[in-house]
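Residue strings, one per chain:
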Amino acid sequence: MDPRVYVAAYLERTYLAEHPELTAAARELVHDDIPQRLEKYASSAHAQALVAYTNAHEHLMQQMRVIEDEADDNEFDRKRAQLFDETRLVLFKIAETDQLCIDATLVGLLLSNISIDACLGELLKLEQRVHRQLIDSVPGFSDEAPHFWDKQFVAERTLDNGDPYATAAALTVPEPTLIGWLHTLEALAQMCLASARYRAAERYARLVLRAAGYPSHAEGTVFLALARLEDEDGFFAFAHELEAERGDQAAAVLDDSPWFLLARTLLLYKLGRRRPAKRALRDFATRCDGGAFFLLNPTYMAPYLPVRPQPRTSWDLSHQAAWDADGIIVDTPDFVPWAEAVDGVCDASERFADRNGF
């Protein structure tokens, strides 16, 4: 989740609690003003740490785009390493000042030049610490509740004819400790997927999916993990779960999801069912802008800091899905040559490349 979103929501909740006398019109003005001027509303040390993290994260992402667009091949690695070192120092100071600024610690870890196993170990320690803080310090948090908020706690805050899910979402977004925990779980899921710990990746991703109001594509991690495990029953049972949960939005999660479509292709291919695998691949190439190109042409993607960024182009999600699946594809060396030989896939790739200047 974009830090400016959840930090602004936290500052708004705090400000309104301190100013109960505000009229509805004044509350609306505050709601519009806070995202533009976070510093003005950061009155506590914790709020100031969150704002400092927001600024550091935005600077990091903006400078990464500059380096990707402007640096030549000889300068790219040096400039990126320098940016990471500078940002890590800033984040360390923020985390040292306020241990409740979870994302400062998390992104600092992800920027560290350590092995994936060492990073996983540090992430596990962070997840355990943050989880304990949630249990001890956040009223209403519950491991047992469907969306991590105690049922009675939600009911007391749901208006007549209101939606308990919407209430749970409204509780999640302005709670930085919970967002930091979800970010940590998502980072664990992605790192477990990248290091062939597929059951662990599935478990962490499923935890992320339980949260209300937290945007993610954690279902993509589950689909890819189950495809790699060749767990056909689990794969389609999970798809049916999502259909039941999302209702009218299920098509966006399945039929238009590059993760689902690519994972389904990989699953069918690995099971030796070539004919349905070809149909699944054509679905992926047709429905997902850039899907064929990024499958056949592995293309650099900026690290997830801390989680998958929101898409900026029509093909960002296809790029992310192919990037997430890279370890599985490499582990299936005959898959890409087979995909390249399927009618229409190379043509789709070349049309995309011509259209977008690749």
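Above: the structure in question.
Cut-offs and rules
Residues numbered from 1 in each chain as written. Predicted model: local features only at pLDDT ≥ 70, side-chain atom pairs only at ≥ 80, totals over all residues. Heavy atoms only, no water. Patch = residues over 30% accessible without salt bridge, like charges linked within 9 Å, V, L, I, M, F, W, Y side chains within 5 Å. Areas by Shrake-Rupley, 256 points an atom, 1.4 Å probe, with all protein chains shown as cover. Salt bridge = Lys/Arg side-chain N within 4 Å of Asp/Glu carboxyl O. Lys, Arg positive; Asp, Glu negative; His and termini not counted. Charge placed at Lys NZ, Arg CZ, Asp CG, Glu CD. Helix = DSSP H or I, 4+ residues; strand = E, 2+ residues; numbered from the N terminus. Buried < 20%, exposed > 50% of the residue type's maximum accessible area, 1.4 Å probe, protein only. Axes fitted to C-alpha atoms, helices over the stretch in contact; angles between N-to-C directions. Parallel < 35°, antiparallel > 145°, perpendicular 65-115°, else oblique. Contact = heavy atoms within 4.5 Å. Phe/Tyr/Trp six-rings, centres within 6.5 Å; stacked < 30°, edge-to-face > 60°. Lys NZ or Arg CZ within 6 Å of the ring centre and 35° of its normal. 1 Å grid on protein atoms, 1.4 Å probe; cavity = no way out; pocket = protein on both sides within 12 Å on 5 of 7 lines; lining within 4 Å. Points joined across faces, edges and corners; volume = space filled by probe spheres on them. Nonpolar A, V, L, I, M, F, W, Y, C, P; charged D, E, K, R; others polar.

A. Focus on a positive patch on the surface. Among the surface-exposed residues, Arg275, Lys278, Arg279 and Arg282 lie close enough to one another that they form a single positively charged patch. Position of lysine 278 among the secondary structure elements: in helix α16 (residues 274-287). Its relative accessible area of 34% is what places lysine 278 among the partly exposed residues.

B. Fine view of the packing of helix α4 (residues 45-70) against helix α5 (residues 73-97). Where α4 contacts α5, the two axes come as close as 10 Å, and the packing angle between them is 180°. With respect to their mutual orientation, α4 and α5 come out roughly antiparallel. Touching Ala49, Ala52, Tyr53, Ala56, Leu60, Gln63, Met64, Ile67 and Glu68 of α4 are Phe76, Lys79, Arg80, Leu83, Phe84, Thr87, Val90, Leu91 and Ile94, all from α5.

C. Structural view of the packing of aromatic side chains. According to the stated counting rule, one finds 23 aromatic pairs in the structure shown. Taking 5.1 Å as the distance between ring centres and 80° as the angle between the ring planes, the aromatic pair formed by phenylalanine 148 and tryptophan 181 counts as edge-to-face. On the criterion of sequence distance, the pair formed by phenylalanine 148 in the loop between α7 (116-137) and α8 (151-155) and tryptophan 181 in helix α10 (residues 176-194) is long-range, its members being 33 residues apart. Both rings, one in phenylalanine 235 and one in phenylalanine 236, keep their centres 5.0 Å apart while their planes meet at 75°; by these two values the pair is edge-to-face. On the basis of relative accessibility, which here comes to 25%, the residue phenylalanine 236 falls in the partly exposed class. When the ring centre of phenylalanine 153 is taken as origin, the NZ or CZ atom of arginine 157, which lies over that ring, is 3.5 Å away. Seen from the ring of tyrosine 204, arginine 203 lies directly overhead, with NZ or CZ sitting 5.2 Å from the centre.

D. Spatial organisation of unusual backbone geometry. Residues leucine 305 and proline 306 are joined by a peptide bond in cis, for which omega reads 0°. Within the secondary structure, proline 306 is located in the loop between α17 (291-296) and α18 (316-324). Located in the positive-phi region is alanine 196, a residue other than glycine, with phi close to 65°. Position of alanine 196 among the secondary structure elements: in the loop between α10 and α11 (198-209). Using a relative accessible area of 45% as the deciding quantity, one classes alanine 196 as partly exposed. In this structure, glutamate 230 is a non-glycine residue whose phi angle is positive, near 55°. Mapped onto the elements, glutamate 230 comes out in the loop between α12 (218-228) and α13 (232-246). The partly exposed category is assigned to glutamate 230, whose relative accessible area is 37%.

E. Structural view of the layout of surface pockets. Each pocket or cavity is described by its volume, and for the largest pocket that value is around 1,200 Å³. Considering the residues around the largest pocket, the lining is formed by 38 residues, among which Met61, Arg65, Pro309, Gln310 and Arg312 are closest to the centre. Residue contributions to the lining of the largest pocket peak at eight residues, all from α4. Taken together, the residues of the lining of the largest pocket break down into 19 nonpolar, nine polar and ten charged.

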